[in-house]
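# Results of the structural survey
Listed below are the residues making up each chain.
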Amino acid sequence: MKDYFIYSYIDYQNFKDGSKTITVLFIAESKIRKNSLIQGLEKFNQENILSDKFVVIIPEYCDEQLVSMFERHLLDTFRRVVGFNQSYVDENFSVYQFDSLGEPKKKLGQLKGLIGPKKFFKDLFQNGNFYIFSSREGLMESTPDHHFVFPSGKHSEKFIRTANVLRDSNEIFFIAIQLLSKFMDVETIYCDTASINVLPFAVFEIQGRFGIKNEIRVKSFDSYKVFEDFNQLFQPESLVLISSSTSGNIIDRLRKKQVTDDSEIMVLFFLGDHASYLKHKKNIFCNISFSKKFQKGFNPFKTFKNGLECELCSNHSQPVLIQTDIFLNVEPKYNTLTLKKSDTPKFLSRFVEEHKAEDETSNIFKVHYRDIEEDDKTYEIYLDYTKLLQNGEHPTYPRHYYNKLIKKINSHVPANTKYILPLRDPSSKALAEFIIKNNAWVKEPITVNIDNPEKIDNQVMGTLVVVGATYVTGRHYFYINRLLRRYPKLSIVYFIGIARSMSKTFSENIKSNLGIGEYGGGTFPVVSVEEIYIPQAKNKNSWSTEYKFIRKLLGELDDSSTLFKYLYKRYKVLLESRENKGLTNNVFLRKLDGECLKLRKGFVYWNFEVVPEIAFQSQVYFTISAVVNKLRNEPINSNRSLRQSTYVRNLISAETFNRFNDGIIQASLLRAADYRMLSYDLDEAQSFAITVFLKSLVDKFDEDHGEALPEFLLAIALKKLRFKRLDLRNFIDHSKSVMNKGDLIYDFVLFLEKDLL
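The sections below set out a description of the structure shown in this document. As the structure is a prediction and not an experimental result, all values here were calculated from the model. (Residues numbered from 1 in each chain as written. Predicted model: local features only at pLDDT ≥ 70, side-chain atom pairs only at ≥ 80, totals over all residues. Heavy atoms only, no water.)

Secondary-structure assignment places F234 in the loop between α9 (224-229) and β12 (238-245). Taking C-alpha positions, F234 is 9.1 Å from D261, a pair spaced 27 residues apart along the chain. (Helix = DSSP H or I, 4+ residues; strand = E, 2+ residues; numbered from the N terminus.)

Together, K2, K43, K540, K548 and R551 make up a positively charged patch on the protein surface. Among the structural elements, K548 can be located in helix α19 (residues 542-554). (Patch = residues over 30% accessible without salt bridge, like charges linked within 9 Å, V, L, I, M, F, W, Y side chains within 5 Å. Areas by Shrake-Rupley, 256 points an atom, 1.4 Å probe, with all protein chains shown as cover. Salt bridge = Lys/Arg side-chain N within 4 Å of Asp/Glu carboxyl O. Lys, Arg positive; Asp, Glu negative; His and termini not counted. Charge placed at Lys NZ, Arg CZ, Asp CG, Glu CD.)

The next point concerns the pattern of salt bridges. Evaluation of the coordinates by the stated rule reveals 38 salt bridges. The partner of R80 in a salt bridge is E42, and the shortest N-O contact between them spans 3.2 Å. Placement of the pair is R80 in the loop between α3 (74-77) and α4 (86-92) and E42 in helix α1 (residues 34-47), with a sequence separation of 38 residues. In this structure R80 comes out as partly exposed when scored by relative accessible area, which is 35%. For D123, the salt bridge is made with K119, and the minimal N-O distance between the two is 2.6 Å. On the criterion of helical spacing, the pair formed by D123 and K119 is a turn pair, its members being 4 residues apart in helix α5 (residues 117-135). On the basis of relative accessible area, K119 is assigned to the partly exposed category, the value being 34%. Through salt bridges with shared partners, a single network forms among K591, R600, D662, D704 and E707. (Buried < 20%, exposed > 50% of the residue type's maximum accessible area, 1.4 Å probe, protein only.)

A few words on the packing of α5 against helix α7 (residues 169-177). The interhelical angle for the contact between α5 and α7, taken along N-to-C directions, is 145 degrees, at an axis separation of 11 Å. Between α5 and α7 lies a crossing of left-handed hand. Between α5 and α7, the residues in contact are L124, F125, G128, N129 and I132 and E171, F174, I175 and I177, respectively. Counted by class, the contact of α5 with α7 contains 6 nonpolar, 2 polar and 1 charged residues. (Axes fitted to C-alpha atoms, helices over the stretch in contact; angles between N-to-C directions. Left-handed = near helix turned anticlockwise from the far one by under 90°. Contact = heavy atoms within 4.5 Å. Nonpolar A, V, L, I, M, F, W, Y, C, P; charged D, E, K, R; others polar.)

Here we come to the nonpolar core. For soluble globular proteins, nonpolar side chains are generally found buried alongside one another. Ranked by internal contacts, the top residues of the largest apolar core, which has 114 residues, are L405, F495, F622, L694 and L721. Apart from the residues lying within four places of it in its own chain, the contact partners of L694 are F712, I716, L721, F723 and F731. Listed in part, the 63 residues of the second largest apolar core include F125, F150, I160 and L180. (Core = buried A, V, L, I, M, F, W, Y, C linked by side-chain atoms within 4.5 Å.)

A few words on helix α10 (residues 249-257). Each α-helix winds once per 3.6 residues, and so residues spaced three or four apart point in a common direction. Looking at α10, one finds that the buried residues are I250, I251 and L254. Taken around the axis of α10, the buried residues stretch over an arc of 105 degrees, which confines them to a single face. (Arc of directions from axis to C-beta.)

Of all 8 residues in strand β25 (residues 526-533), 8 are buried, a share of seventy percent or more. Where strand β24 (residues 490-501) and β25 come together, 7 bridges link them in parallel fashion. Bridge pairing in β25 links A499 to E531. Note on the crossover from β24 through helix α18 (residues 504-514) to β25: the handedness is right-handed. (Pairing = 2+ DSSP bridges. Right-handed = clockwise from strand over helix to strand, strands pointing away.)

Here helix α26 (residues 725-738) is 14 residues long and its end C-alpha atoms lie 20 Å apart, about the 20 Å a rise of 1.5 Å per residue gives. Residues of α26 that are buried: D727, L728, F731, I732, H734 and S735. Summarising the axial view, the buried residues of α26 lie within an arc of 165 degrees, below the 170-degree limit, and thus occupy one face. Those residues of α26 that are exposed and aimed more than 90 degrees away from the buried face are R725, L726 and S737. Elements that come into contact with the buried residues of α26 comprise α24 (684-699), α25 (709-717) and α27 (744-756). (Expected span 1.5 Å × (residues − 1).)

Everything listed is a geometric property; what it means functionally is a separate question.
Below is the structure:
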C-alpha cells in the first residue's frame, strides 16, 4: 500500500521560459517507508520520463526522518530515477511543507524560472484534483446500449460519480488539505450523500495532527431527493458539501429556500458551461470543465428533461436509474461472438509466414519473457529481434523483412549521421550494430550510451538516429525525446524494427508525439520497418498468474499425488522460463499422456501450409492473441467486438470451442481472453453449453478431443472461465463419476469443488 500520491502534468503559464512538465509527490503522513518510496519512484519513472520540474509536498508535522529523505539523503531516495542527479536538483527540485490552513511554504530547493508560487500552486492543485477525478473514473460514460437517469429525472449519457473519486487515502488527504481553511470555525458539516463523508473526516484527521481539536458533527442525507426537499434551516456555523453539479442550479435552489448563507455552500466537482461557473465560482471547490486556460477539462454534457424528450431513449438506449451516486441493480446486457476467419488482422498471416522457424533455435516468437532483468516483469508476447536479425543472415530463411530493413536503412538513415543512440535492451543494440554495418558512411557515427550522453557535442549539426528493436508504449522513447531537447542543432530520426502496439490508433499517437519538434508535428521522422498490433500486457499475464497459483497449490497438496507431480513439473518450467529465454513449445499445460499440444494441419488464420513439427505453441498463441486483440479494440457497438463495459459483456461463445477443436487453439483462446469474455455465468444457455462441452472433454480425456482438459480446469480454478453454480456442480459430479480416485483429473476436480463450491 502506497504512503504517497504522485502525478504529473504540463504547466503552460507559470515559468518564464515556456511550458514545463511537473511531477508532484504528496505525502500526508509524518513518516513513510523509505524502501517503498524508492521502489514507487522507480516504477513511476518506468512509466513516465523524468519531468522538467519536481515538487515534493509534505506536512509541517512530519518527522525529521522524512525531511532528511529529501535533504541529506535526496540522491539516495531518487537513486533509481533515470536522470535524477545533482545538476537536476540544483535548478528543478523543491520541497514545500503545508501548514494547518493547507498553505504550502518552501522548505528547500528551487524551481528555476518560476514566476510566482501563488498561481503555480493554484494550478498544481487543480491539475492534481483533475488527475484524481479522471484516473478514478469520476465521470462515468455510458455506451450505446444504456444511459443514466439522474435523481432529478434528467436523462444523460454521462454521470459524475464522486464515490469513485474518494477511494485512496493519500488522494483524499490531497483534497482535504485544500479544505482546511474552509473548516475553521465550523460546527456542522452537511453532506448531500454519505459517500463523501470520508472527506470531512480526513480534514479532522489532519487538523488533529496539527493539534487542532474540534467537535464537529457530520450529517448526511438518505437520498438526494431528501436533500433537495430539505426545507429547514441548516444550523449556524455550518458547511454544506454538495458532491457534484453540472449547472450550479442546486446552489440557486438552496439560496431561494434561504436555508443557509451563500458562503456556507460548496460544490466539490463542477462540470458545466463557463457562464454557470462564473456565476457560482465562489461556491465551487474544483472546476473540471474545459476552458481556454484548462484545456484538459471535460466538455459539458447534454441532458434531457425527461424520458419523453430523451433522444437516447428514442434510439433504444436502456435508461439506468441512479440514486445519489449509487446505481440500482441492473443486469448487464451480453452478446456472444463466435470467432471467424474474417477476424484475422491484415498483418497476421504474412508476418507469421515471413518469420517461420526452421527449428526451435530460430524461432523468434516467445511467451513470458523480457530481455532486461531489471525487474521481474515479463512480456506476455516477446519477439526475439536479435534472433530475427541472425535469421536474416541465413539464405534459407525468408528474406522479405531483411530486404525491407535494408531499404529502410538506406532511405531513412542519412549517410552523414553523427550519432546512433540505441535503447538499453540487447536487441536494440544489435539493430544499431546492424545499421552501422549496412550503411555507406561519410564518417561512421558515434554510438551513444543512453545513460551517458556526454559524447554528444551540443555544437554539432547533423542527425542523431534513435534505434529501438520494438516499441510497445513508447515510454523509453519519450524519455529520450526529453533528453535530446538539450541538443537543438541535431535532427532526430527514430528508427524502430517492429512497432508492436495494441492498436493502430495507439501506435499513431506514439509516432505523433515523438515527431513533435520546433516546427510542430512531423518535425522528426518516426520510421518503423514493420507494424503489428498485439496485446501489451506485462507482468500480470497468464503465466505469471499461473505460476503464483501453482506455487500456492503445491503447498496444499500431498506431494505423492499425481496432481502434485504434474503441477510440480509445470512449476519448474515456469520457474526456469527466464533462464531459457521464454516459453516456446511449453507454453501450455501438457496433455495427460505427457505430450505437448500440437497444431494439426489446416489453421484458419494462416494462409500457408501448416508444418506441425515447426508450428510452435508460441506462434499459435501469438496468432490467437492477435485475433482477440483486434476484436478487443473494435467499437463496443460493433457486431464483432470483444470490448467490455459496465453494462455490456461481449462473450466468446461456447460454440467457438467446438468450432476450433484443436487443443492448442482452445488453450490459446483461454489464455488470450480475459475473464469477462468467458463469463458464461451471465446466461443460462451459454453456461449450459460450456458445461456440456466440458463434460465431453472429460468423457474423452484420453483422446484428441480432451487433450486441452487441463487448460480448461486451470482456467476454472483461476476464476477466468465462469459458469453458473448449478452447472459447475453438475460438471464436478460428472467428472467424479467418470474418473478414478487418485487420477490427476479427479484430484483437480476435488480441488475445484473445495475452492469454488
